[in-house]
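Architecture and fold: a report
Here are the chains, one letter per residue:
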Amino acid sequence: MANKLIKQMGLPNSIANIFTARNIITAKDALSLTEFELMEQLDVGMAEVKSAMAHISEVVCPPCQTALLLMEQRVRDERSAGHLPTRLRGLDEALCGGLPFGVVTELVGPAGIGKTQFCLKLSLLASLPANCGGLDGRVIYIDVESKFSSRRLIQIGIENFPEIFLKKGMAQEMAGRIVILRPTSLSEFTESLHHVQVSLLQKQVKLLIIDSMAALVLGEHDCGASRQQVLGWHVSFIKSLAEFSRIPIVVTNQVRSQTGDEPLTFSFQARSHSIKKEDRASYDSHLVAALGINWAHAVTIRLVLEARSGLVLLDDDGIEMKGSEINTIHCQGQKALFNSEW
Amino acid sequence: MEVGMLPISASKRGKLLAAGYTSLHSISRASASQLATDIEVSEDEACEIRKYASQTSALDRSIGNSSNTSNLYGGQTAWTMLNEEKFSTRITTSCVDLDNILGGGITCKEVTELGGVPGIGKTQIGIQLAVNVQIPLEYGGLGGKAIYIDTEGSFMVERVLQIAEACIEDMPEYSHHFHNNVQDCEVKMHPNSILENIFYFRVCSYTEQIALVNYLDKFIEEHKDVKIIIIDSVTFHFRQDFDDMALRTRLLNEMALKLMKLARKFCLAVVLLNQVTTKYIEGSYQLTLALGDSWSHSCTNRIILFWNGDERHAYIDKSPSLKSASAAYSVTTRGIRNSNSSCKRIKMV
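Keep in mind that this is a model prediction, so the values were computed, not measured.

Some remarks on the overall build of chain A
- A count of helical and extended segments in chain A gives 15 helices and twelve strands.
- The buried share of chain A, reckoned over its 342 residues, is 49%.

Structural notes on the packing of helix H3 (residues 35-42) of chain A against helix H4 (residues 46-60) of chain A
Residues and elements named next belong to chain A.
- In the contact formed by H3 and H4, the axes pass within 9 Å of each other and the chain directions differ by 115°. Taken together, the axis directions place H3 and H4 in an arrangement best described as roughly perpendicular. Considering how the two elements wind past one another, H3 and H4 form a crossing that is right-handed. Here H3 contributes Glu35, Leu38 and Met39 to the contact with H4, which in turn contributes Met46, Val49, Lys50 and Met53.
- Here the residues of the contact of H3 with H4 sort into five nonpolar, no polar and two charged.

Some thoughts on a negative patch on the surface
- Judged by side-chain charge, Glu48 of chain A together with Glu43, Asp44, Glu45 and Glu48 of chain B come together as a negatively charged surface patch.
- In terms of residues, the negative patch owes the most to one element, helix H4 (residues 43-64) of chain B, which gives four residues.
- With respect to the helices and strands, Glu48 of chain A occurs in helix H4.
- With a relative accessible area of 43%, Glu48 of chain A lands in the partly exposed category.

A word on the interface of chain B and chain A
- The interface of chain B with chain A comprises 71 residues on the first partner and 65 residues on the second.
- Carbon and sulfur atoms make up 61% of the area that chain B and chain A hide from each other, which totals about 5,800 Å².
- At the junction of chain B and chain A, the tally comes to four salt bridges.
- With a closest N to O distance of 2.9 Å, Lys218 of chain B and Glu58 of chain A form a salt bridge.
- The interface formed by chain B and chain A holds 15 residue pairs in polar contact (both at pLDDT 80 or more) in total.
- The element contributing the most residues to the side of chain B that touches chain A is helix H10 (residues 206-222) of chain B, with ten residues.

Focus: the state of the cysteines
- This model, assessed by the stated rule, comprises zero disulfides over all chains.
- Cys61 of chain A provides the cysteine sulfur closest to Cys64 of chain A, a residue in no disulfide bond, and the two sulfurs are 8.3 Å apart.
- Of all cysteine sulfurs, the one in Cys95 of chain B lies closest to Cys167 of chain B, which takes part in no disulfide; the gap is 14 Å.
- Using a relative accessible area of 2% as the deciding quantity, one classes Cys167 of chain B as buried.

Points about the sheet that holds strand E8 (residues 249-253) of chain A
Residue and element names in this part refer to chain A.
- What the six strands build is an open sheet, ordered E6-E5-E7-E8-E4-E11; its pairing is parallel. Both outer strands of the open sheet, strand E6 (178-181) and strand E11 (301-304), are each paired with one neighbouring strand and no more. For this sheet, the mean inter-axis angle between neighbouring strands, taken without regard to orientation, is 20°.
- Here helix H7 (residues 115-127) sits on the sheet in contact with strand E4 (104-108), strand E5 (138-143), E6, strand E7 (205-211) and E8, set at roughly 170° to E7.

Here's the deal with the packing of aromatic side chains
- This structure, assessed with the given rule, holds eight aromatic pairs over all chains.
- Note on Phe199 of chain B and Phe219 of chain B: the rings are 5.4 Å apart at their centroids and 85° apart in plane angle, and the pair reads as edge-to-face. With Phe199 of chain B in strand E5 (residues 198-202) and Phe219 of chain B in helix H10, this residue pair connects regions lying 20 residues apart in the sequence.
- In this structure Phe219 of chain B comes out as buried when scored by relative accessible area, which is 4%.
- Between Tyr206 of chain B and Phe238 of chain B, the ring centres sit 5.8 Å apart and the planes meet at 45°, which makes this aromatic pair tilted. On the criterion of sequence distance, the pair formed by Tyr206 of chain B in helix H10 and Phe238 of chain B in helix H11 (residues 236-239) is long-range, its members being 32 residues apart.
- Through a chain of ring-to-ring contacts, the aromatic side chains of Phe199, Phe201, Tyr215 and Phe219 of chain B assemble into a single cluster.
- Between Lys239 of chain A and the ring centre of Phe236 of chain B, over which it is positioned, the NZ or CZ distance is 4.7 Å.

Some details on unusual backbone geometry
- Along the chain, Asp211 of chain A connects to Ser212 of chain A via a cis peptide bond; the corresponding omega equals 0°.
- Among the secondary structure elements, Ser212 of chain A is positioned in the loop between E7 and helix H12 (213-218).
- A cis geometry characterises the amide bond from Asp232 of chain B onward to Ser233 of chain B, with omega recorded as -10°.
- With respect to the secondary-structure elements, Ser233 of chain B resides in the loop between strand E6 (226-232) and H11.

Concerning H3 of chain A
- For H3 of chain A, the full list of buried residues reads Glu35, Glu37, Leu38, Met39 and Leu42 of chain A.
- Considering only its buried residues, H3 of chain A is in contact with helix H1 (13-21), helix H2 (27-31) and H4 of chain A together with helix H1 (10-18) and helix H12 (245-266) of chain B.
- Positioned one or two residues after H3 of chain A, Asp43 of chain A has a phi angle of 60°, which is positive.

Notes on the side chain of Arg312 of chain B
Residue and element names in this part refer to chain B.
- For Arg312, the location among the structural elements is in strand E11 (residues 311-318).
- On the basis of relative accessible area, Arg312 is assigned to the buried category, the value being 7%.
- A polar side-chain atom of Arg312 sits 3.0 Å from the main-chain carbonyl oxygen of Gly119.

Considering the domain arrangement of chain B
- Here chain B is described as being made up of domain 1 (2-60) and domain 2 (82-338).
- Here the C-alpha centre of domain 2 of chain B lies 44 Å away from the C-alpha centre of domain 1 of chain B.

Remarks on the environment of Ser127 of chain A
All names here are of chain A.
- Of note, Ser127 is situated in helix H7.
- Judged by its relative accessible area of 0%, Ser127 falls in the buried class.
- In sequence terms Ser127 and Arg177 are 50 residues apart; their C-alpha atoms lie 6.3 Å from each other.
- Only 2.8 Å separates the side chain of Ser127 from the backbone oxygen of Leu124, close enough to count as a polar contact.

Rules used throughout
- Residues numbered from 1 in each chain as written.
- Chains lettered and ligands numbered in written order.
- Predicted model: local features only at pLDDT ≥ 70, side-chain atom pairs only at ≥ 80, totals over all residues.
- Heavy atoms only, no water.
- Helix = DSSP H or I, 4+ residues; strand = E, 2+ residues; numbered from the N terminus.
- Buried < 20%, exposed > 50% of the residue type's maximum accessible area, 1.4 Å probe, protein only.
- Axes fitted to C-alpha atoms, helices over the stretch in contact; angles between N-to-C directions.
- Parallel < 35°, antiparallel > 145°, perpendicular 65-115°, else oblique.
- Left-handed = near helix turned anticlockwise from the far one by under 90°.
- Contact = heavy atoms within 4.5 Å.
- Nonpolar A, V, L, I, M, F, W, Y, C, P; charged D, E, K, R; others polar.
- Patch = residues over 30% accessible without salt bridge, like charges linked within 9 Å, V, L, I, M, F, W, Y side chains within 5 Å.
- Areas by Shrake-Rupley, 256 points an atom, 1.4 Å probe, with all protein chains shown as cover.
- Salt bridge = Lys/Arg side-chain N within 4 Å of Asp/Glu carboxyl O.
- Lys, Arg positive; Asp, Glu negative; His and termini not counted.
- Charge placed at Lys NZ, Arg CZ, Asp CG, Glu CD.
- Buried area = accessible area lost by both parts, 1.4 Å probe.
- Polar contact = N/O pair within 3.5 Å; in protein donor to acceptor, adjacent residues only side chain to side chain.
- Disulfide = S-S within 2.5 Å.
- Pairing = 2+ DSSP bridges.
- Phe/Tyr/Trp six-rings, centres within 6.5 Å; stacked < 30°, edge-to-face > 60°.
- Lys NZ or Arg CZ within 6 Å of the ring centre and 35° of its normal.
- Domains from an automatic or database assignment.

What follows is the structure, given as structure tokens:
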């Protein structure tokens, strides 16, 4: 859209030629200048600039839909109205059906909590045929830390879906739908993403899992600023992949310990510190999701996995996570507990 | 009295100066045909230049003439504006405390910026406002439509449905505040009609964002009942790989001006959702809203959403008419509602 050529937009020839003469070829070039700058560069009056820009803007502008049309479209065209059910009742309810298509969902948690296990289960669910609640499609699993275990995958499959997996040849077919990529550096990862984009265009891939994003980036750069910039491109690319192909993308993230005692605050908060944060805060380990705040803004859904007193507990109702705990992980406080069938 | 102020092309300005027309007065004194021959343009163009010149100089003259107070080339007196402000409509946020610190709700004719950390509820407030603007006039709402500009893909249709259904169920509550003599009739609205009145645009690059803001003028002319524009979030596309920061500032400023113009022209509210970033102030890292310092001047009102312990709070950081205060709110399955905590008092800072 942004790279549309101005001369193909149906502007009157006189003004279109002026744009070309001043080297403003694409819509992006024109829209990256303010109206005053355009007036100076093109040497035309303000009224003409305004009408030309109005025309260009109308052409480049995204189409309008209503929320109702959006909903009807999803219900009609997509499985489970655009969700991948995770089979965890509380979670599916909270997410209105399951992991949504077209957005990036992040799994955060300390080591050993079960992020990779969850990803294995999700890849299985996506490969299952539709009559079992799956997406009946292929899965691309980008395994950075070499944690993917096919044996474990088959084990999960047999235990949860014995009627499929014990049938002859089915295990092979299901497992055959999951493609594992193992990039060892950020540049290889970037390349894999481009390959993924091609496969997505062929419309067979129904789920993309990146396990884990943090491992890729944390190994590469030292200083914080460049790390954020590096991720900037990947974040936009992954989001646009999700959006255009309408598939869910699951990314796992690590936690790291936070420097300093308290979470970041705004300048006006400095005056009114919470008087007592209860002693628990100072003794527990302060863990924060890795990859920074820019990444946190970019993911649409963040699922925080935590252990409560050493066990992953079972409960029917989901309790909402409160406080800055969404960005910080403590070992106490209100947590979300979900029913697990594993 | 400068020729440089005229909205004409640079070459024409250059010709005027070369021909000796240095002040607007001299241009309006000359006849059109004389002007045309002097600067070698057509008669029509000369007429246009004279028209611009006389408009601009009329403004200059009136400033000196104090008895000519009304119709000062589009100006208004403060008294007329006071009457307008009294009746200016507000959009409720469904949280009483939040409405109170906002003076009733989000104001129309102004640009309000809402910023906060991820997960604080920005999109939730955006969706709640898009639904609340549709509350009918009998219940104290605006009965208008909403434009929702989504730059991040966080608009969940199921959530809008959830909030719409809850709003319809809670609507009889609003009638108590406004008209005590309205009969308790069944609210005839259906959640689907609420969804139908939200115009949704998905923007994938900053170019599209700027193009869309330019196009909104025409769009709202055709849909005059739009009463709120929500951009969620205004930051995202300007944050990823933008090398030229000066350009970014210029583009953002122009966008903010256009949005302010839309707000005033069509009497609607513009709500911009912003992200946060860290900044090194006074020896430590602190949170601050993204897009830089010059952007922070662009919006009329600025509200920062933050965590206070386990509670979500909103703080009025900047407003020409509202007092600096913070209030608690919560995000529930029914949408934005009052906070349940015991310390519900509004904190004046």
